[in-house]
Amino acid sequence: MSIISMAELPILQFEDKIVETVDKNPVVVVIGETGSGKSTQLSQILHRRGYTKSGCIAVTQPRRVAAVTVSRRVSEELNVPLGDEVGYAIRFEDRTSEKTIIKYLTDGVLLRESLSNPELSQYSVIILDEAHERSLNTDVLLGLMKRLIKLRASNLKVLITSATLDGEKVSRFFSDCPILNVPGKLFPVEIHHSSEKPKSYIDACLNKALDIHTQEPEGDVLIFMTGQDDIEKLVSRLEERIQRLEEGSCMDAVIYPLHGSLPPELQIRVFSPPPPNCRRFIISTNIAETSLTVDGVVYVIDPGFVKQRQYNPSTGMYSLDVVQISKVQANQRAGRAGRTRPGKCYRLYSSVAYKDDLLDATIPEIQRSSLAGSILYLKSLDLSDINILKFDFLDPPSFEALEDALKQLYLIDAIDDEGSITSLGRTMAELPLEPSLSRTLLEANECGCLSQALTVAAMLSAETTLLISQSKSADRKRKHTPSNLPDGSGLGDHIQFLQIFELWHETDYNTGWCKENNLQVRGMKFVKDVRKQLCQIIQKIAKGPMDVKTSKRRREDQDYRSLRKALCSGYGNQLAERMLRHNGYKTLGFKSQLVQVHPSSVLRTDEEGMFPNYVIYHELIATTRPYMRNVCAVEMPWVRPVFAKLQNLNVSKLSGGANQSHEEEVQPENADVQKDDGGGNAAPAQPAEDRDSKILAARERYLARRGQANK
Ligand code: CDP
Ligand code: MG
C-alpha cells in the first residue's frame, strides 16, 4: 500500500476543518468527489482525533462489495488484521470482534442493529456513506438519524457523505446542518459523444476499447456494462481480439471483470498495482461509478445504461430493466477518467441524447421498491413519536407503495386490522429475511417443519444462482438440469430447493457432488452457512424447543404438506389461482392480472395436463410477459383464511386512520382502492394523530378518484 498516494488524498488536507466542524455540530454533510477519500479516510480521521474513545465508528455502505473492500483497505492502511480493530458486517457475514472500533456495514445491517438497540448506543459516530446512491435503507436511516440525534445530542455524531448532489437538500433535512465541500482535484476530462446510437453496445465497446488500446497512450480503461452476462461476453471477446493483435504492436493488456457476484478474491484484484507496461481494462457494472475507485483509469467508455430493479406496487410486479442513466451518473462516470491525470470519456450516445433524454438525477430506490420489509422495521421500532405514514423521508415514497406494504403485512399477520404490529410481526422483523420467508419460518415452527423451512429460506437467500447454467439462455436454465437432481416431486421450486439441499446433506456436504450436479460450490456453501445462522437467530428469538436439524422427511409427510402450508401463510399476498380451462393464473392479492408459471419452474401438470389450482410465488417478474418465479402448489383450505382477510381488508384502517368505518372496502377481485362517495368530509377538530390520518385518507381518496378518472 503506498502511503504516498494516501497522503495525496484531498480529504486529508481538510482534516482540521472536518474535525472542528464535527466537534461543533451533531450532523455534518461531507461532499467530495469520488475517490477523494471519504470512505477510507473519514473514519480514520475521527479515530485519530479521539472519537473511538467513547464508542465505535460505524460507516454504512449501500453495497456489500464496498463494505468488504473498503474495510479491507482501511485495515491495511492501519496495519491491523481485518476483523480486529477494523471489520465489516454484511447480511449473513460478520467480520468484527470485541476489538472492533471502525466498523463498515451495509445500511441494511445497521437498520437491523437498531431493532435490538434503537439508540445504537455502541456507536459514537455514524457515517452514512454514499448517500447519493439513495438506497432504500439509507433513506430510512436518514429519517431515523434525525430522531436519534435529538435523543443522543451529547454523544453522537452523524456524518452524511455524498459524491455528488444535493448537499443542500440533505442539509435542509437536518435543520440546515453545515456542508463541507472537499474540492476534488479532478483533471480535465475530454468528452467525446457518438454521433448515433450503436446497433450493438457490446460491439461498440469492443471497437472503442481496441481503438484506445492501439492508438492512445498508456492509461487504464474503465468500461461500464449493465450486468454480469454482458461483462463476461465483452471480457472474452476483448481477450480474443487483443491476442490477435500483432506482437509488439502495442503494450500488454490485462482484462478484469468487476461485479457483485464475483468471488471476493477476484473483486480485490483490481486494487493491486498493475504489472509494468501493461494496460488494464476494467469491465464493470455500476459499482465502479461511485462505490469503488480503481486507480489508474484514464479512459472511460460509457454506453449510458444501467440495470435497475423496479417494483410496481399496484401489480406487485418486479422488472429488471436496462434503463438510461441520469445526467448525474453520466458525469460521475466521466469523472472517473480524470483522477490521476487528464483523461477521456467516450459516451456511446449523442450530446443531444445527453441533453434531452437523460433524467437530471436518478430516481431514489425508495420510489421504486417494495416497502414491506422497511415498514415492518419501522413498525417494530415502536417509535411513539413516529407515525409510519408521515415518517420523515427525504423523498417520500408513493402512497400506493405504502399501502401495498401495509396490505402485504396485514395478509401475513404482521400487523392487525388496526395497523398495529402483532407479536408475530415483531418476531418476523428480527429475522434477516424478507417478510414472506420470516412468516413461513414462524409458521413452520408451529407445524413441526421448521427444519425444512430453514433450508428453503436459506436456498432462496443465496445471492447467486446455484445452478451453473448449461445453456446461455436463462429461461432454459433449469429445464436442462441433469436428471439425477430431484425435481420437487412436481410440487414446485421450493420443494426442489429442499430436496437438493437434503441430498447434499446426505453426502455430508461433499463438494464433488455439487460439481457432478452442476451446482455452484461456493453458492451451496453459502446456503449451508446461511442456514446455520438462521438456525441460531431463530433459536434466540422464538420461544420453545425447536427442531432445526436437517433430517430425512418424516413418513407421514410424503407430500410436504406441512411445509407447503407454512409457505402458504408466508406468501399471503403472493398467491395465484388457476383460471378455468387454462393453464394461466390470476393473481389474488393484487389487482387480479394474468400471469404464467416461469418456464424454468419444476412445477408439473397433472395427468390431465393441468397445473394445480392454487400456487404461491416468490416473485412476479415482468420480462417478455408477467411470470411467477419460484412457485409452489398449495391447497384450497390453506388459501381460505387469506381470502377472508382480503374480503375484510380496509386499507385506510391499516394505515392507522382510526374509526373510519364508512371508508373504502377493498374487494379481492379488485384490490386497488375504490372510490367512495366523494371524500373531503370536513373533519371535526381531532387529536393531531387522527387529523393526520384523515389528511392521508383524503389524499388516498383523491388518488383513487384520479385513478378512476384515468380509466
Ligand atoms: O469514498 P471516496 O470515493 O471519496 O474515496 P475512497 O473510497 O476513500 O478512496 C480513496 C482512495 O483509496 C482511492 O484512491 C482508491 O483507489 C483507494 N482505495 C484502494 O486502493 N482500495 C480500496 N479497496 C479502496 C480505496
Ligand atoms: Mg466512497
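Reading guide: rules and limits
- Residues numbered from 1 in each chain as written.
- Chains lettered and ligands numbered in written order.
- Predicted model: local features only at pLDDT ≥ 70, side-chain atom pairs only at ≥ 80, totals over all residues.
- Heavy atoms only, no water.
- Core = buried A, V, L, I, M, F, W, Y, C linked by side-chain atoms within 4.5 Å.
- Buried < 20%, exposed > 50% of the residue type's maximum accessible area, 1.4 Å probe, protein only.
- Helix = DSSP H or I, 4+ residues; strand = E, 2+ residues; numbered from the N terminus.
- Domains from an automatic or database assignment.
- Near = heavy atom within 4 Å.
- Polar contact = N/O pair within 3.5 Å; in protein donor to acceptor, adjacent residues only side chain to side chain.
- Areas by Shrake-Rupley, 256 points an atom, 1.4 Å probe, with all protein chains shown as cover.
- 1 Å grid on protein atoms, 1.4 Å probe; cavity = no way out; pocket = protein on both sides within 12 Å on 5 of 7 lines; lining within 4 Å.
- Sits in = over half its atoms within 2 Å of the grid points.
- Nonpolar A, V, L, I, M, F, W, Y, C, P; charged D, E, K, R; others polar.
- Pairing = 2+ DSSP bridges.

(A) How the structure looks around the nonpolar core. The biggest cluster of nonpolar side chains holds 127 residues, and the ones touching the most others in it are I126, M145, F174 and M628. Examining the composition of this core, we find that nine residues originate from one element, helix α20 (residues 521–541), more than from any other. In terms of domain composition, this core takes at least three residues from each of domain 1 (6–182) and domain 3 (372–636). Within the second largest apolar cluster, 30 residues are counted, among which are I45, A67, V70 and I90.

(B) A look at the site of ligand 1. Taken together, 15 residues surround ligand 1, and among them G35, K38, S39, T40 and R73 come closest. Within the side chain of K38, a nitrogen or oxygen atom sits 2.8 Å from an oxygen atom of ligand 1. When ligand 1 is considered free in solution it has 530 Å² of accessible area, and contact with the protein chains removes 95% of it. Mapping ligand 1 onto the cavity grids shows that it belongs to the second largest pocket. Every element with two or more residues in the shell around ligand 1 is listed here: α3 (38–48) and α4 (64–77). Broken down by element, the residue count for the shell around ligand 1 peaks at three residues, all from α3. Classifying every residue of the shell around ligand 1 gives two nonpolar, eight polar and five charged. Two domains each provide a minimum of three residues to the shell around ligand 1, namely domain 1 (6–182) and domain 2 (189–366).

(C) Structural detail: helix α21 (residues 561–570). For α21, the buried fraction is high: eight of the ten residues fall into the buried class. Along α21, the residues classified as buried are S562, L563, R564, A566, L567, C568, S569 and G570.

(D) Main features of the pairing of strand β3 (residues 86–90). Burial runs high along β3: five of the five residues are buried. In this structure, β3 lies alongside strand β5 (residues 102–106), joined through four bridges in parallel fashion. Residue pairing in the sheet places G87 in a bridge with K103 of β5. Of the pairings in the sheet, the one linking β3 to strand β4 (residues 93–95) comprises three bridges and is antiparallel in character. Along β4, the bridge assignment pairs A89 with D94. Linking two consecutive strands that pair antiparallel, namely β3 and β4, is a turn of two residues; a positive phi of about 65° is found at F92 within it.

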